[in-house]
Amino acid sequence: DWLLELQKIPETRRHANNTKAPSAEEHNVWFARTLADGMKLLAIVLVAGKPAGMVRLDRAAGAARVSIAILPAFYRRGVGAAALSLLSRVAPGIPLEAEVKSENAPSLALFGNAGYRHLRGDLYIREPK
């Protein structure tokens with residue numbers, strides 16, 4: 001339920017690939033499919049033991065796609081940066097990709113500061129170190 005509520009927050013939807021919030025049924029189907037898929041990693045980001053956001057890695061041939069959503073109350077507090085840093089340690093040796101819309105200045109800064117570089121269109125990549 002908490003993840004569904006995160007997905008309904010206008011700030012979360014504004015920069016998502018699909019700007020329409022999922023219904024409870026759509027979310028439940030997605031959630032079950034995500035948990036059953038061994039190529040996906042879904043983690044809740046905690047701050048002082050309370051949910052502050054989520055990160056997801058979707059592995060594919062040769063790379064993993066990063067998704068991140070942080071509660072607005074935790075914006076600009078280093079939570080997103082810490083989550084991206086953790087993902088780079090969870091998936092060592094794997095290029096990490098992120099789709100970031102050009103009008104999403106905070107996410108562009110977040111991913112840029114985390115070592116992602118523009119590849120093409122809205123796609124950014126962080127090569128393994």
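Note: the structure precedes this text.
For the structure given in this document, a descriptive report is provided here.

Calculation rules
Along each chain, the written sequence defines residue order, and numbers are assigned to residues from 1. Reporting of local features is limited, given that this is a predicted model, to residues whose pLDDT is at least 70; pairs of side-chain atoms are given and counted only at 80 or more, and all residues count toward the totals for whole chains, interfaces and linings. To get the side-chain values, all heavy atoms of the structure are used, and hydrogens and water are removed first. Working definition: helices are DSSP H or I runs of at least four residues, strands are E runs of at least two. Numbering for both runs from the N terminus. Lining residues are those with an atom within 4 Å of a point, where the points come from a 1 Å grid over the protein atoms alone and group into cavities, where a 1.4 Å probe fits but cannot get out, or pockets, open sets with protein on both sides within 12 Å along at least five of seven lines. Grid points are joined across faces, edges and corners, and a volume is the space filled by probe spheres set on the points. We call Asp, Glu, Lys and Arg charged. Ala, Val, Leu, Ile, Met, Phe, Trp, Tyr, Cys and Pro are nonpolar, and the rest, Gly among them, are polar. Here is the rule: rings of Phe, Tyr and Trp (six-membered ring for Trp) pair when centre to centre is within 6.5 Å. Planes less than 30 degrees apart are stacked, more than 60 are edge-to-face, and the remainder are tilted. Three exposure classes are used, based on accessible area relative to the maximum for each residue type with a 1.4 Å probe and protein chains only: buried under 20%, partly exposed in between, and exposed over 50%. The term salt bridge refers to a side-chain nitrogen of Lys or Arg lying within 4 Å of a carboxyl oxygen of Asp or Glu. Take the buried residues of types Ala, Val, Leu, Ile, Met, Phe, Trp, Tyr and Cys, join any two whose side-chain atoms come within 4.5 Å, and each joined set is a nonpolar core. Note on definitions: a residue-residue contact is assigned when non-hydrogen atoms from the two residues lie within 4.5 Å. The patch calculation keeps residues exceeding 30% relative accessible area without a salt bridge and links them within 9 Å when they carry like charges or within 5 Å when they are nonpolar (Val, Leu, Ile, Met, Phe, Trp, Tyr). Where accessible areas are quoted, they stem from the Shrake-Rupley method and a 1.4 Å probe; at the residue level, only the protein chains shown are allowed to cover.

**Focus on unusual backbone geometry**
- Phi is positive for A48, close to 55 degrees, though the residue is something other than glycine.
- Within the secondary structure layout, A48 lies in the loop between β1 (40-47) and β2 (50-60).
- Unusually for a residue other than glycine, R76 sits at a positive phi of about 60 degrees.

**Some remarks on the layout of surface pockets**
- Computed from the structure, the largest pocket encloses a volume of approximately 1,400 Å³.
- What lines the largest pocket is a set of 49 residues, among which T12, S67, I68, A69 and S107 lie closest to the centre.
- Contributions of two or more residues to the lining of the largest pocket are made by α2 (10-14), α3 (24-36), β2, β3 (63-70), α4 (79-90), β4 (96-99) and α5 (105-113).
- In terms of residue class, the lining of the largest pocket is made up of 22 nonpolar, 14 polar and 13 charged.

**What to know about the packing of aromatic side chains**
- Overall, the coordinates contain 2 aromatic pairs when judged by the stated rule.
- Ring plane angle 40 degrees and centroid distance 6.3 Å describe the contact between W30 and F31, whose orientation is recorded as tilted.
- Of the residues examined, F31 reaches a relative accessible area of 29% and is grouped as partly exposed.
- Taking the centre distance of 4.9 Å and the plane angle of 90 degrees together, the rings of F111 and Y116 count as edge-to-face.

**Describing the pattern of salt bridges**
- Tallied over the full model, the rule gives 5 salt bridges.
- D58 serves as the salt-bridge partner of K40, at 3.4 Å between the closest nitrogen and oxygen. One end of the pair, K40, is in strand β1; the other, D58, is in strand β2, and 18 residues separate them in sequence.
- On the basis of relative accessible area, D58 is assigned to the buried category, the value being 15%.
- Two residues, R117 and E127, come together in a salt bridge whose shortest N-O distance is 3.5 Å. Of this pair, R117 sits in strand β5 (residues 117-120) while E127 sits in the segment after β6 (123-126), placing them 10 residues apart in sequence.
- On the basis of relative accessible area, E127 is assigned to the partly exposed category, the value being 38%.
- Connected via shared salt-bridge partners are K40, R56 and D58.

**Looking at the nonpolar core**
- In terms of nonpolar packing, the biggest core is built from 26 residues, with L6, L57, V66, L96, F111 and Y116 touching the most fellow members.
- Taken together, the elements giving at least two residues each to this core come down to α1 (2-8), β2, β3, α4 and β4.
- Here F111 is in contact with V66, I68, L84, A98, V100 and Y116, once residues within four sequence places are set aside.

**Describing a nonpolar patch on the surface**
- A surface patch of nonpolar side chains, about 230 Å² in accessible area, is lined by L41, L86 and V90.
- Positionally, L41 belongs in strand β1.

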